Structures are given as C-alpha cells and as structure tokens.
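One letter stands for each residue in the lines below.
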Amino acid sequence: MTTSESNDSRAAVDGEIGILARRRIEAGIIAPIYKEMCGQIGVEKAEAILDAAIRQAAIKAGQAFAAKTPGGTTLRTFQELQDLWTQDDALVIEVTKATDVEFHYNVKRCRYAETYREMGLGHIGHLLSCNRDGVFCTGYDPRITLERSQTVMEGASHCDFKYRFHADAQGRGE
C-alpha cells in the first residue's frame, strides 16, 4: 500500500475526536434528560426511548463514516475505524482474528464502562454504548454483522466481538 492509498483509506478517521471523549460529552447531556424522563414516564419507557434514539443515531453515524470512506466499505476499512474506539486508551483489546471476512477481538479493559460508572450511569451504560455496536456496523455496511455474547459493561470479564463480512449480501461496497 502506498502512502497515498494509506491516507485515502483513513479518510473516515481523520479529524474525528476519540469515541470515549465523545461518549463522555453525550452522557453529560443525556443524563439529566434521562432522569427527567424517568420521573415523568417511568424507567422502562425512558430506557426504551433512549435505546431507540441511540440505535438510530448509531446507524446514522455508521452511514456518515461510510460516506467518508473512499472506494467503498469493506471489513478492512471498518477495522481501521477501531482506532477511534481505542483512542485515549479507551479499550484494551486483544485481536484474535483480522481477515477480509472476519474481525474478532476481546476487550480486556473498557474505559467506557468505567466512565459511565464514575458518572453514576453504569446502569444504562449498555444503552449509551454497547447497543450501538451492532447497528453501527449495519449503518456502515449492511454486509457486516456483529456477534457478541458478553460485555464488561454488564459485568463480564471481557467483551467478545466477532464481526463478519458477508460478501454475498447487498451493501455499500465496491
């Protein structure tokens, strides 16, 4: 890969702030709104609204990153976005497989979970972050799917991410 090609493939990442910083800012805005919704309509409805809104925002964010990806999206271009999620030591990950069709890794430390707990929002951290993961990749490229059985956010020792690229499915790629 030439330097020019490398720079082109990272276009979606350039100029973006790290996701941990972004999530902290968002959580500070969401927290009082969520608290008010809980008081007025109850926890269950407030969480359902928060979940739906954040999932929709994640799909749109995925689509926005895809639009900034020169030459179309692939699992490899998706893997390059990981830098935004790990920036500022936000995640300690162990990549176990990284190919054109599979991207597997385990999260050993999650500062997202730590941050939400510090902010008193640990009970909704899965709504603020984890639930975004599967739909973000769908927004980025519908050919990418996520399988995950556990998260640090919900008390597991690690998160087990398994992304797969289904080349035969319709998507945004070349």
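Above this text sits the structure in question.
Calculation rules
Residues numbered from 1 in each chain as written. Predicted model: local features only at pLDDT ≥ 70, side-chain atom pairs only at ≥ 80, totals over all residues. Heavy atoms only, no water. Core = buried A, V, L, I, M, F, W, Y, C linked by side-chain atoms within 4.5 Å. Buried < 20%, exposed > 50% of the residue type's maximum accessible area, 1.4 Å probe, protein only. Helix = DSSP H or I, 4+ residues; strand = E, 2+ residues; numbered from the N terminus. Contact = heavy atoms within 4.5 Å. 1 Å grid on protein atoms, 1.4 Å probe; cavity = no way out; pocket = protein on both sides within 12 Å on 5 of 7 lines; lining within 4 Å. Points joined across faces, edges and corners; volume = space filled by probe spheres on them. Nonpolar A, V, L, I, M, F, W, Y, C, P; charged D, E, K, R; others polar. Bend = angle between axes of the 7 residues up to and from the residue.

Caption draft 1: Structural detail: the nonpolar core. Grouped together as the largest cluster of nonpolar side chains are 43 residues, with contacts concentrated most on Phe-78, Tyr-112, Leu-128 and Tyr-163. The element best represented in this core is helix α2 (residues 19-41), accounting for seven residues. If we ignore the near neighbours within four places in the chain, the residues touching Tyr-163 are Leu-75, Phe-78, Val-101, Glu-102, Phe-103, His-104, Tyr-105, Asp-133, Cys-137, Ile-144, Thr-145 and Leu-146.

Caption draft 2: Fine view of the layout of surface pockets. Space inside the largest pocket adds up to approximately 380 Å³. At the level of secondary structure, the elements contributing two or more residues to the lining of the largest pocket comprise α2, α3 (43-67), α4 (75-86), β2 (102-110), α6 (125-130), α7 (132-140) and β4 (159-165). When the residues that make up the lining of the largest pocket are grouped by side-chain class, the tally is 19 nonpolar, two polar and six charged.

Caption draft 3: Structural context of α2. Along α2, the helix axis deviates most sharply at Ile-30, where the bend reaches about 30°; the proline Pro-32 sits within four residues downstream. Buried residues in α2 make contact with α3, α4, α5 (111-118), α6 and α7.

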